[in-house]
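# Coordinate analysis (summary)
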Amino acid sequence: MAQQVIGFIGAGNMATSLVGGMIAKGIRPARIWMSDVSEARLAELGRQHRVHTTTRNDEVAQRCDALVLAVKPQVMAEVCASLRPHFGDRAPLIISIAAGVTVDNLRTWLGDVPVIRTMPNTPALVQAGATGLFAGPGVTEEHRTLANQIMGSVGLSFWFEQESELDVVTAVSGSGPAYFFLLMEAMINAGEQLGLDSRTARQLVLQTAWGAAQLAITSEQPPATLREQVTSPGGTTAAALNVFEQAGLRDLVDKALTAARDRARELAK
């Protein structure tokens, strides 16, 4: 990552996780600046990570080679407008983690600067994230490497050639954790209805979900093959899967992800 100074505008959970991941991967805290409106939050982060902190976005903009914009989409235009006058003749790399804010939006608000738009997901909070990235005009290989090291510090990162593909990333992985949480919730409720106490039902479901994910990650076989391997003809698993299939689960998932993608497109407009 050479010796670039990296700044974070916004010090929420995602930004904090990225900073923690970067430091764990060997990035010196002295190279990281964070700004936020909450002085208490900054004081906590200063103690925890030993990074530079300030309530002034302009100070971060003037000092840093790369800026990670980690503010809510609805205030992004205002934040960008406040940053732009402080770039001077510099063109810092901009990395946005805000959903629905396009590269064109950011370059309109910030000027002719290199922009990388990203779509992380909440498992990044536990260093198990999946992030889609798209590079706008003027982004160099060095910029890509820097973005990889920042976003890759909390999980896997994937580059896409078309910005519109990030809408699909949003539908699949950005919103994806909620789909699994819903299934977990339903399985826990079903276990309780069938006679398990709530604590046992929860532990069984969460351990099963974690174990299934680990099997899928570490196996060379696709999920379809793994499913077949645990499904004995006429057995208990087959009985449950038949209900899912008859209810049209595959079509339902397709419709759900399509709805999420379409909504992401609407928000981007």
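Scroll up to find the structure this text is about.
Residues numbered from 1 in each chain as written. Predicted model: local features only at pLDDT ≥ 70, side-chain atom pairs only at ≥ 80, totals over all residues. Heavy atoms only, no water.

## Topic: helix 5 (residues 103-110)
Side chains that are three or four residues apart share a direction in an α-helix, a result of its 3.6 residues per turn. Every buried residue of helix 5 is accounted for by Val103, Leu106 and Leu110. All buried residues of helix 5 lie within an arc of 65° about the axis, which places them on one face of the element. Across from the buried face of helix 5, at angles greater than 90 degrees, the exposed residues are Asp104 and Thr108. At its buried positions, helix 5 is contacted by strand 4 (66-69), helix 4 (76-83), strand 5 (93-96), strand 6 (115-119) and strand 7 (129-135). At the C-terminal side of helix 5, Gly111 shows a positive phi close to 95°. (Buried < 20%, exposed > 50% of the residue type's maximum accessible area, 1.4 Å probe, protein only. Helix = DSSP H or I, 4+ residues; strand = E, 2+ residues; numbered from the N terminus. Arc of directions from axis to C-beta. Contact = heavy atoms within 4.5 Å.)

## With respect to the sheet that holds strand 3 (residues 52-54)
Across the sheet, which stays open at both edges, the eight strands sit in the order 3-2-1-4-5-6-7-8 with mixed pairing between neighbours. At either margin of the open sheet sits one strand with a lone partner, and together these are strand 3 and strand 8 (155-159). Ignoring which end each strand starts from, the neighbouring axes of this sheet average 20° apart. Bridging between strand 1 (residues 6-9) and strand 2 (residues 32-35) involves four bridges; their strand directions are parallel. Each bridged residue has a counterpart across the sheet, and for Ile9 the counterpart in strand 2 is Ser35. (Pairing = 2+ DSSP bridges. Axes fitted to C-alpha atoms, helices over the stretch in contact; angles between N-to-C directions.)

## Brief notes about the nonpolar core
Soluble globular proteins: nonpolar side chains tend toward being buried together. Phe8, Ile32, Met34, Ile95 and Ile150 are the most contacted members of the largest nonpolar core, which totals 30 residues. Counting residues per element, the ones that place at least two in this core are strand 1, helix 1 (13-24), strand 2, helix 2 (39-49), strand 4, strand 5, strand 7 and helix 6 (141-151). The biggest single contributor to this core is helix 1, with five residues. Contacts of Phe8, omitting those with residues within four sequence positions, involve Ala15, Leu18, Val19, Met22, Ile32, Trp33, Met34, Ser35, Val60 and Val68. Ala61, Cys64, Val113 and Val169 belong to the second largest nonpolar core, which has 25 residues in total. (Core = buried A, V, L, I, M, F, W, Y, C linked by side-chain atoms within 4.5 Å.)

## What to know about the environment of Gln149
Relative to the elements of secondary structure, Gln149 occurs in helix 6. Between the alpha carbons of Gln149 and Met22 there is a distance of 7.5 Å; along the sequence they are 127 residues apart.

## Structural notes on a nonpolar patch on the surface
Judged by side-chain polarity, Phe244, Leu249, Leu252 and Val253 come together as a nonpolar surface patch covering roughly 350 Å² of accessible area. In terms of residue count, helix 12 (residues 249-268) provides more of the nonpolar patch than any other element does, three residues in total. (Patch = residues over 30% accessible without salt bridge, like charges linked within 9 Å, V, L, I, M, F, W, Y side chains within 5 Å. Areas by Shrake-Rupley, 256 points an atom, 1.4 Å probe, with all protein chains shown as cover. Salt bridge = Lys/Arg side-chain N within 4 Å of Asp/Glu carboxyl O.)

## Observations regarding the packing of helix 1 against helix 2
Packing of helix 1 against helix 2 brings their axes to within 12 Å, and their N-to-C directions diverge by 15°. Between helix 1 and helix 2, the crossing angle belongs to the class labelled roughly parallel. In this structure, helix 1 crosses over helix 2, and the sense of that crossing is right-handed. Facing helix 1, whose interface residues are Asn13, Thr16, Val19, Gly20 and Ile23, helix 2 presents Arg41, Leu45 and His49. (Parallel < 35°, antiparallel > 145°, perpendicular 65-115°, else oblique. Left-handed = near helix turned anticlockwise from the far one by under 90°.)

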